[in-house]
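Structure at a glance
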Amino acid sequence: QAQLVESGGGLVQAGGSLRLSCAASGRTFSSYFMGWFRQAPGKEREFVARITWSGGITYYADSVKGRFTISRDNYKNTVYLQMNSLKPEDTAVYYCAASLIAAVAQNTYDYWGQGTQVTVSS
């Protein structure tokens, strides 16, 4: 059974950094785009970043461009989200997801993790 498991969330002060991990298992994700989404309290879930599993081509939401970096380690079947210069508005539950197409719409993603909480204090 395909599974995505996020880790690495926590509490950090504004300006700090965190690295999230998403471990994939249960199937081959070599044909999938891997994405990160987030959902803040009272808001809809939004796209953050994505990467091709094999090609390393990345795409970011404007709100995180220049601060966040998505990467992957194919040997470990893991995708990462390095988050620098964190702001209080980055506070959210962060989700890892997998899609067969390059898209930002969450309804195009077939597999989802359970999420990991990131809290940025001011």
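The structure this text deals with has already been given above.
Summarised in this report is the structure supplied together with it. (Residues numbered from 1 in each chain as written. Predicted model: local features only at pLDDT ≥ 70, side-chain atom pairs only at ≥ 80, totals over all residues. Heavy atoms only, no water.)

Focus on the packing of aromatic side chains
Applying the stated rule across the entire model yields nine aromatic pairs. Taking the centre distance of 5.4 Å and the plane angle of 65 degrees together, the rings of F29 and Y32 count as edge-to-face. Here F29 matches Y32 in class, with each residue buried. Pairing F37 with W112 gives two aromatic rings, centres 5.0 Å apart and planes at 55 degrees, and the pair type is tilted. Of this pair, F37 sits in strand β4 (residues 33-39) while W112 sits in strand β10 (residues 109-112), and the two are 75 residues apart along the sequence. You can call F37 buried: its relative accessible area is 1%. A relative accessible area of 26% means that W112 is categorised as partly exposed. Linked through ring pairs, F37, F47, Y59, Y95, Y109 and W112 together constitute an aromatic cluster. (Phe/Tyr/Trp six-rings, centres within 6.5 Å; stacked < 30°, edge-to-face > 60°. Buried < 20%, exposed > 50% of the residue type's maximum accessible area, 1.4 Å probe, protein only. Helix = DSSP H or I, 4+ residues; strand = E, 2+ residues; numbered from the N terminus.)

Here we look at the state of the cysteines
According to the stated counting rule, one finds one disulfide in the structure shown. The disulfide that involves C22 links it to C96, with 2.0 Å between the sulfurs. Handedness of the C22-C96 disulfide follows from its S-S torsion of about -75 degrees: it is left-handed. Of this pair, C22 sits in strand β3 (residues 18-25) while C96 sits in strand β9 (residues 92-99), and the two are 74 residues apart along the sequence. No difference in accessibility class separates C22 from C96, as the two residues are buried. (Disulfide = S-S within 2.5 Å.)

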